[in-house]
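Architecture and fold: a report
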Amino acid sequence: MTAIHLENLVKRFGAFTALKTMDLEIRDGEFMALLGPSGCGKSTTMNMIAGMEGPSEGRILFDGRDMNGVAMGRRGVGFVFQNYAIFTHMNVYDNLAYGLRVRGLPDAEIDSRVKKIADFLQLTPLLKQPSAKLSVNILQRLAIGRSAIVEPAIFLLDEPLSNVDAAFRAVMRTELKHLQRQFRQTMVYVTHDQLEAMTMADRIAVMDHGVLQQVGTPLEVYNNPVNLFVAGFIGSPGMNLLRGSLADSDRGLVVDLGELGLTAPLSPEVAAAARAHAGREVVYGFRPERVSLSVTGEGVPMPVTFVERIGARTIAHLGTGAQRVKAVFDNDVTAESGTTVSVAVEPASVRLFDAATGIAIREA
Amino acid sequence: MTSLATPEKMPMADAALKDGAAAADDGRRLGFALTMPAQVLVLFIAVFPLLMQLYISLTDWSPLDGIGWWQAYELWNGFANYTDLMADTRFWSALGRTALVMLICVPAEFLLGLGLAILFMDDFVGKRVFYSIMLVPMMVVPAVAGYMFFMLFQSGGPVNDILSGVTGMNVSIAWLSDPTTALIAVMIADIWQWTPLMFLILLAGLVGVPEDQVRAATLLGASWWQRFRTIVLPKMKTIIIIALAIRVIENFKIFDTLYIMTGGGPGVATETISVYIYKVTQQDLIWGYVAAIALVILISLSILVSLAISRMNKKKEA
Amino acid sequence: MAGISFRNVTKRYGKTVAVKNASFDIQSGEFFCFFGPPLSGKSTILKLILGLETPDEGEVLIGGKPVNHVAPASRNVAMVFQNLALFPHMTAAQNIRFPLVERKVPEATIKARVDEVAAKLHIAHLLHKPPAQLSGGERQRVAIARALVRDPVAYLMDDPISALDARLREETRVELKRIQRELGQTLIYVTHDQEEAMSVADRMAIMEDGEIRQIGTPVEIYDRPASRYVAQLLGAPMMNLMAVDASGLEAGEGTIILPGQAMPQDVAGVGIRPEDLKVEPWAESHPGRPATVYEVEPLGGYTVVTLDTGGQKLRALMRGQPDVRIESAVALSCNPERIHFFGAAGEALRP
Ligand SMILES: Nc1ncnc2c1ncn2[C@@H]1O[C@H](COP(=O)(O)OP(=O)(O)OP(=O)(O)O)[C@@H](O)[C@H]1O
Ligand SMILES: Nc1ncnc2c1ncn2[C@@H]1O[C@H](COP(=O)(O)OP(=O)(O)OP(=O)(O)O)[C@@H](O)[C@H]1O
Ligand SMILES: [Mg+2]
Ligand SMILES: [Mg+2]
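Residues numbered from 1 in each chain as written. Chains lettered and ligands numbered in written order. Predicted model: local features only at pLDDT ≥ 70, side-chain atom pairs only at ≥ 80, totals over all residues. Heavy atoms only, no water.

1. A word on the sheet that holds strand S21 (residues 348-349) of chain C
Residues and elements named next belong to chain C. As a reminder, the rule being used: For two strands to be treated as a pair, DSSP must find at least two bridges joining them. Comment: elements are numbered from the N terminus, with helices defined as DSSP H or I runs of at least four residues and strands as E runs of at least two.
Ordered by their spatial adjacency, four strands build an open sheet running S11-S14-S20-S21, and the pairing between neighbours is antiparallel. The sheet is open, and its two borders are formed by strand S11 (240-243) and S21, each paired with just one other strand. When strand S20 (residues 340-342) meets S21, the two strands line up antiparallel, connected through two bridges. Paired with Phe342 across the bridge in S21 is Ala348.

Below you can see the structure in the form of structure tokens.
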């Protein structure tokens, strides 16, 4: 139950800058996901919040208090390591009890709290087991329980689900979310999986190459990405991004998509925002889920190169060369690779980006 | 997708696939057959001297008797050597002295070694130089070390000079001539010589303690001492047992440096078991008796060490 | 190139039965995927094909010939262990050549083979560059080229891309599939990720405790799972499973009305995939009882809605970003054709 403020954080390792001026406000009781590709500085940020590393520049404030110089054991931070760091020489019970024992709590209280958390995480039958031989799925819950039991005001999790199998990951996503709802800690969650971030987080901080790109609710970053990186990274698959140029026509402002032989109309809102960019190179972005296909109807004809049918969804890979498009639709639509389909996009779902800077073109 | 589930990550593991799997069982059997003679040989080399000792200890044989050791049965005297031993006060006081040295030296070496190892886990200026210096005592030949300490502890030697400088008085202790100080000098030499080994073994143990588990404990609020007691020490259990066992056994056999420093003297003041055995063998030449001593020590030491190890194991688990 | 078959193969490790009475035929040129939870015997099947293990019972056939007693080196199947990672100190070409150089293939053959693979993967112009100068996608293609440069009967891959991050995994699997199709080679693939399995496989085998539960195309298995177990293994979120009420006419505490007469005999439970569960605002005219919205997870293109029936939680996958409020009452329904029926032992029943 603590707000975290990262104030112009910079972290350098020798000549290499892992984190470039990170400025982020994490609200009290919020579930914040740090999302980005491998090596973008997520763990570095977490380690600084926990106090395992000191920042090269900038400050970390917990409820306005500068944490600089406060030892990691005194920050009231729970941390779940990517590899769990379970005490392998202890059994499950002793692992859970550890944080309470070092605080010198009476045995009776320790016992009741261990039982309670073990119950919550379904570890009760395993309490007496040595932890060295447990499966990854159990280690993962144990790691969460061990940190949660001391009721830290801040809970940091570094890719806690990346080693567990897919089915269990889906279960844990919901469990973690509910854990956080129940205890209302401030939770910071590192992941490179946008699905995890979207499903669990109140807000997502998208990072790339040590730079914070965008902070917003899952739907904000999905619907209104601020730049090309966020547009491509959020979503499964990411946004379709086609190069084109803004041109005036009798239909108003349109995007000339060159190679595809199409001039795409814009919705009035998008056109209004783009007015200032007329004549410039832009990137025309739209979500694969907003593409409609028809075998005969209007739209641009594009060859289907590959179809992935993944359970509830079908992803069609369309087009060749530079201007490729992915479309996602339900299973009742069928597309065969090798055929040609007509592709249409709802104008309202289109997002434009400045091709030179990669920044979203939006109404000022 | 557990990435843990892809056990083999070497590139091109195909190279390891040369043999047919069907032949694997045959291969195991063949391997056993081929190593068989070597195993028998090793067993023989290890066991033979013991059996020989047992045999001789039941006789009154000495190399001066003019007969080979295998003919020692002509001098058979049953358990007489063992009963003599029970009544041998010089033996018993040597044994007690050895135990005293061990009880002081080994814990001292352990604590010093551990302290140094902990110090070396952090970075400090000149760490590398210190590290090299730390290892010097181990590289010094014991005879040289003995001679060195012999010189240091002369009444006009550097130790007294230093003490004089520190206290401002004219210290001239005849270290090696007084029974008590001689024993102290001998123990200081042993600690000097063997702390580096302790240090090295314990440093290896400390480095092996998983850093993230220590961090996890820190984040859970454990103090330095709590982390040390609940994470570091338990993780080092095996290596500590090994280090202590090595030193207990070695220290029990303390001989070379000591013998050169004091020759076991003054009188018998620093006479340990090894020195005593050496004197009996070399001066009195009664080998049957020596064999009996050696066997008694061997057996009691084995019992002692295994008892200690099993007790330690039990205590740590509890 | 040749097909690979198992005939009633069993492999035990002591008391553990790692593979139990497995039979299948993998066609030449097929992308065949083994999918199952951890320890279900997937890797053991690969080892049996490679010859690293011999079956305790049954027969392994490659190209129609029994190979139980053929040494691994003579089977000419290639295992791709590596995580598709490149050696940083070598150029792309040296990376690709590496497996051939390792097995002392003549220089002329190496050159021809590398050129051929490079042309197929459209990386001929990149061959002189070290990995550091390649983009992510180009690096992947070079890595795949290295995996494919040998010309074996079949390739085996054990979870080869699980260590990549989520986005790169999505792209790599498509690339892998495209290349396999172009090269027309047999690829036997093990994965833990159901999405990956469904995306790449021509056909797949679902495993449980060493036994093969179902073999078919991903679509067949997804749409007509042979059992409750298989049904739950594929699909995210998982299929909703419900017991049939005593009346035999409703499920989910009365929130879902079953087609009654149109059902097969002896139905013990029903399953409805989240995407088939229709969620509408509650109206009194709706048959059955209302459910409450428990949780809404927007994924952007889709939204996962968790519903509380009063006895259990059901998941619905809705397209887009519908306006569903937590705690609101909703009516549930499902197209009868999309309901899966299961018997008491979990076997699928068809009307
Ligand atoms: N101690 C260090 N010394 C030098 N460079 C480092 C160090 N720690 C991290 N880096 C570098 O800083 C960058 C960011 O690392 P970080 O661990 O924060 O990445 P990440 O976003 O957590 O990635 P991943 O998803 O792979 O865990 C990387 O390029 C990494 O190589
Ligand atoms: N060399 C071995 N010795 C003993 N048991 C083994 C051995 N290899 C596998 N097993 C056992 O055989 C069973 C199947 O193992 P296998 O490795 O084939 O599973 P898997 O499906 O590949 O699992 P994962 O998804 O975790 O990789 C397991 O119960 C495993 O413990
Ligand atoms: Mg990381
Ligand atoms: Mg496996």
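That covers the picture; the talk isn't over yet.
2. With respect to the sheet that holds strand S4 (residues 57-62) of chain C
All names here are of chain C. Selection rule: Contacts are assigned to residue pairs that have any heavy atoms within 4.5 Å of one another. A fitted line through C-alpha atoms serves as each axis, taken over the contacting stretch for helices, and the angle formed by two N-to-C directions is quoted from 0 to 180°.
Read across the open sheet, the four strands follow the order S2-S1-S4-S5; overall the sheet is antiparallel. The sheet terminates laterally at strand S2 (16-26) and strand S5 (65-66), the two strands that pair on one side only. Two elements, S4 and S5, share two bridges in a ladder whose sense is antiparallel. The residue of S5 that forms the bridge with Leu61 is Pro66. Strands strand S1 (4-13), S2 and S4 of the sheet are contacted by helix H1 (residues 42-50), whose axis makes an angle of about 115 degrees with S1.

3. Regarding a nonpolar patch on the surface
All names here are of chain B. Our working rule: Only residues whose relative accessible area exceeds 30% and that form no salt bridge are eligible for patches; like-charged ones are grouped when within 9 Å, while nonpolar side chains (Val, Leu, Ile, Met, Phe, Trp, Tyr) are grouped when within 5 Å. Only the protein chains shown count as covering a residue, and every accessible area follows the Shrake-Rupley method with a 1.4 Å probe. Take a side-chain nitrogen of Lys or Arg and a carboxyl oxygen of Asp or Glu: if they are within 4 Å of each other, that pair is a salt bridge. Burial classification: accessible surface area is computed with a 1.4 Å probe over protein chains only, and a residue below 20% of its type maximum counts as buried, one above 50% as exposed, and the rest as partly exposed.
Judged by side-chain polarity, Leu50, Leu298, Ile299, Ile303 and Leu307 come together as a nonpolar surface patch covering roughly 450 Å² of accessible area. In terms of residue count, helix H13 (residues 287-317) provides more of the nonpolar patch than any other element does, four residues in total. Tracing the chain through its elements places Ile303 in helix H13. Taking relative accessible area as the criterion, Ile303 reaches 48% and is therefore assigned partly exposed.

4. Details of the interface of chain C and chain A
Quoted interface sizes are often the accessible area lost when the parts come together. Convention followed: By buried area we mean how much accessible surface two parts lose on assembly, using a 1.4 Å probe and totalling the loss over both. For this scheme, ten residues count as nonpolar: Ala, Val, Leu, Ile, Met, Phe, Trp, Tyr, Cys and Pro. Four count as charged, namely Asp, Glu, Lys and Arg, and the remainder, Gly too, count as polar.
Counting residues at the interface gives 31 residues for chain C, matched by 39 residues for chain A. For the pair chain C and chain A, the two sides together bury roughly 3,000 Å², of which 53% comes from carbon and sulfur. There are five salt bridges connecting chain C and chain A. Of all elements in the fold, only helix H6 (166-183), helix H7 (194-200), helix H8 (218-223), strand S16 (291-298) and strand S18 (313-319) of chain C reach the threshold of two or more residues within the side of chain C that touches chain A. Among the elements that make up the side of chain C that touches chain A, the one with the highest residue count is H6 of chain C (eight residues). Tallied by class, residues from the side of chain C that touches chain A come to twelve nonpolar, five polar and 14 charged.

5. Looking at the site of ligand 2
Rules: The cutoff for a nearby residue is simple: one of its non-hydrogen atoms must lie within 4 Å of the molecule or strand. Two N or O atoms count as a polar contact when they lie within 3.5 Å, although within protein this holds only if one can serve as hydrogen donor and the other as acceptor, and sequence-adjacent residues are included solely when both atoms are side-chain atoms.
In the vicinity of ligand 2 lie 13 residues, with Leu39, Lys42, Ser43, Thr44 and His192 of chain C positioned nearest. What surrounds ligand 2 is not a single chain but chains B and C. Within the contact set of ligand 2, an oxygen atom lies 2.9 Å away from a backbone nitrogen or oxygen of Gly41 of chain C. Lys42 of chain C has a polar side-chain atom sitting 2.7 Å from an oxygen atom of ligand 2. A total of 640 Å² of accessible area belongs to ligand 2 in isolation, and the protein chains cover 69% of it. Elements with a minimum of two residues in the shell around ligand 2: S2 and H1 of chain C.

6. Things to note about the domain arrangement of chain A
All names here are of chain A. Put simply, the rule is: Here the bounds of each domain stem from an automatic or database domain assignment.
Segmenting chain A into domains produces domain 1 (4-224) and domain 2 (233-354). Placing the centre of domain 1 and that of domain 2 at their C-alpha centroids yields a distance of 38 Å. Taken together, the contacts link eleven residues of domain 1 with seven residues of domain 2. Summed over both partners, the interface of domain 1 with domain 2 buries about 780 Å², with 62% contributed by carbon and sulfur atoms. Its largest share of buried area at the contact with domain 2, domain 1 owes to Gln194, Tyr222 and Asn223, together 61% of the area lost on that side. On inspection of domain 1 and its partner domain 2, the count reaches zero salt bridges. For the pair domain 1 and domain 2, the number of links is five residue pairs in polar contact (both at pLDDT 80 or more). At the level of secondary structure, the elements contributing two or more residues to the side of domain 1 that touches domain 2 comprise helix H6 (194-200) and helix H7 (218-223).

7. Re the interface of chain B and chain A
Taken together, the contacts link 20 residues of chain B with 29 residues of chain A. Summing both sides of the interface, chain B and chain A together bury roughly 2,000 Å²; the carbon and sulfur share of this comes to 61%. Summed over the shared surface of chain B and chain A, the result is zero salt bridges. At the junction of chain B with chain A, the criterion picks out eight residue pairs in polar contact (both at pLDDT 80 or more). Within the residue set of the side of chain B that touches chain A, elements represented by two or more residues are helix H8 (211-219) and helix H9 (224-235) of chain B. Broken down by element, the residue count for the side of chain B that touches chain A peaks at seven residues, all from H8 of chain B.

8. Digging into the environment of Gln180 of chain C
Residue and element names in this part refer to chain C. Turning to its location among the elements, Gln180 is positioned in helix H6. Distance from Gln180 to Arg169, taken between C-alpha atoms, is 16 Å for residues eleven residues apart in sequence. If near-sequence neighbours (up to four positions away) are discounted, Gln180 is found in contact with Gly29, Glu30, Phe31, Gln185 and Leu187. There is a polar contact of 2.7 Å between the side chain of Gln180 and the backbone oxygen of Gln185.

9. Looking at the packing of aromatic side chains
Two aromatic rings are characterised by how far apart their centres lie and by the angle between their planes. Residue and element names in this part refer to chain B. Worth spelling out the cut-off: Two aromatic rings from Phe, Tyr or Trp, using only the six-membered ring of Trp, form a pair when their centres are within 6.5 Å; if the ring planes differ by under 30 degrees the pair is stacked, by over 60 it is edge-to-face, and anything between is tilted.
According to the stated counting rule, one finds 30 aromatic pairs over all chains in the structure shown. Judged by centre distance (5.1 Å) and plane angle (75 degrees), the rings of Tyr259 and Tyr278 are edge-to-face. With a gap of 19 residues between them, Tyr259 in helix H11 (residues 256-262) and Tyr278 in helix H12 (residues 273-284) connect regions that are remote in the sequence. For Tyr278, a relative accessible area of 32% gives the class partly exposed.

10. Things to note about H9 of chain B
Cut-off, in case you're wondering: The span expected for a helix works out to 1.5 Å for each residue beyond the first.
With twelve residues, H9 of chain B should cover 16 Å at 1.5 Å per step; its first-to-last C-alpha distance of 15 Å lies within 8% of that length. If you check which residues of H9 of chain B are buried, you get Gln226, Arg227, Phe228, Thr230, Ile231 and Val232 of chain B. Elements in contact with the buried residues of H9 of chain B: helix H2 (92-101) of chain A together with helix H3 (89-121), helix H7 (179-207) and H8 of chain B.

11. Observations regarding the pairing of S4 of chain C
Residue and element names in this part refer to chain C. Where S1 meets S4, five bridges bridge the pair, whose relative direction is antiparallel. Bridge pairing links Ile4 to Ile62 in S4. Counting the residues that bridge the hairpin from S4 to S5 gives two residues, and of these Gly63 lies at a positive phi of roughly 60 degrees.

12. Here's the deal with the packing of helix H4 (residues 136-148) of chain A against helix H5 (residues 166-183) of chain A
All names here are of chain A. For clarity, the cut-off: Orientation labels follow simple angle bins: below 35 degrees gives roughly parallel, above 145 gives roughly antiparallel, 65 to 115 gives roughly perpendicular, and whatever is left gives oblique.
Closest axis-to-axis distance for the H4/H5 pair is 12 Å, and the angle between their directions is 10 degrees. What the angle tells us is that H4 and H5 run roughly parallel. Packed against H4, whose contacting residues are Asn137, Gln140, Arg141 and Ile144, the element H5 presents Phe168, Met172, Leu176 and Leu179 at the interface.

13. Considerations on the site of ligand 1
All names here are of chain A. Close to ligand 1 lie Phe13, Phe16, Ala18, Ser38, Gly39, Cys40, Gly41, Lys42, Ser43, Thr44 and Glu159. Within the backbone of Cys40, a nitrogen or oxygen atom sits 3.2 Å from an oxygen atom of ligand 1. At 2.5 Å, a side-chain N or O of Thr44 approaches an oxygen atom of ligand 1. When residues of the shell around ligand 1 are traced back to their parent elements, those giving at least two are strand S2 (16-26) and helix H1 (42-50). Here the shell around ligand 1 is built from residues that sort into four nonpolar, five polar and two charged.

14. Some points on the UniProt feature "domain: ABC transporter" (unreviewed entry) in chain A
Test applied: UniProt positions are given in the numbering used here, feature names are shortened, and annotations may be inferred rather than shown by experiment.
In this structure's numbering, the residues bearing the UniProt feature "domain: ABC transporter" (unreviewed entry) are residues 4-234 of chain A. Across residues 4-234 of chain A, the secondary structure splits into 36% helix and 26% strand, with the terminal C-alpha atoms separated by 25 Å.

15. Describing the environment of Ala247 of chain A
Residue and element names in this part refer to chain A. Positionally, Ala247 belongs in strand S11 (residues 240-249). Once the C-alpha coordinates of Ala247 and Glu281 are considered, the two residues, 34 residues apart in sequence, prove to be 9.4 Å apart. Beyond its immediate sequence surroundings of up to four residues, Ala247 is in contact with Gly252, Leu253 and Val254.

16. A short note on the side chain of Asp354 of chain A
Residues and elements named next belong to chain A. Secondary-structure assignment places Asp354 in strand S20 (residues 351-354). For Asp354, a relative accessible area of 9% corresponds to the buried category. Within polar-contact distance, the side chain of Asp354 engages the backbone nitrogen of Ala356 at 2.8 Å. Among the polar contacts listed, one links the side chain of Asp354 to the backbone nitrogen of Thr357, at a separation of 3.4 Å. Apart from residues lying up to four places away in sequence, Asp354 is in contact with His277, Arg280, Glu281, Ile359 and Ile361.

17. Considering the pattern of salt bridges
This structure, assessed with the given rule, holds 40 salt bridges over all chains. For Arg59 of chain A, the salt bridge is made with Glu7 of chain A, and the minimal N-O distance between the two is 3.0 Å. A residue pair is termed long-range when its members are at least 10 positions apart, and Arg59 of chain A in strand S4 (residues 57-62) and Glu7 of chain A in strand S1 (residues 4-13) qualify at 52 residues. Here Asp248 of chain A ties to Arg275 of chain A by a salt bridge, and the two come within 3.2 Å at their closest N and O atoms. With Asp248 of chain A in strand S11 and Arg275 of chain A in the loop between helix H9 (268-274) and strand S14 (281-286), this pair connects stretches of sequence that are 27 residues apart. Here Arg275 of chain A falls in the partly exposed class, since its relative accessible area comes to 44%. Residues joined in a network through salt bridges with shared partners are Glu308 and Arg313 of chain A together with Arg173 and Glu195 of chain C.

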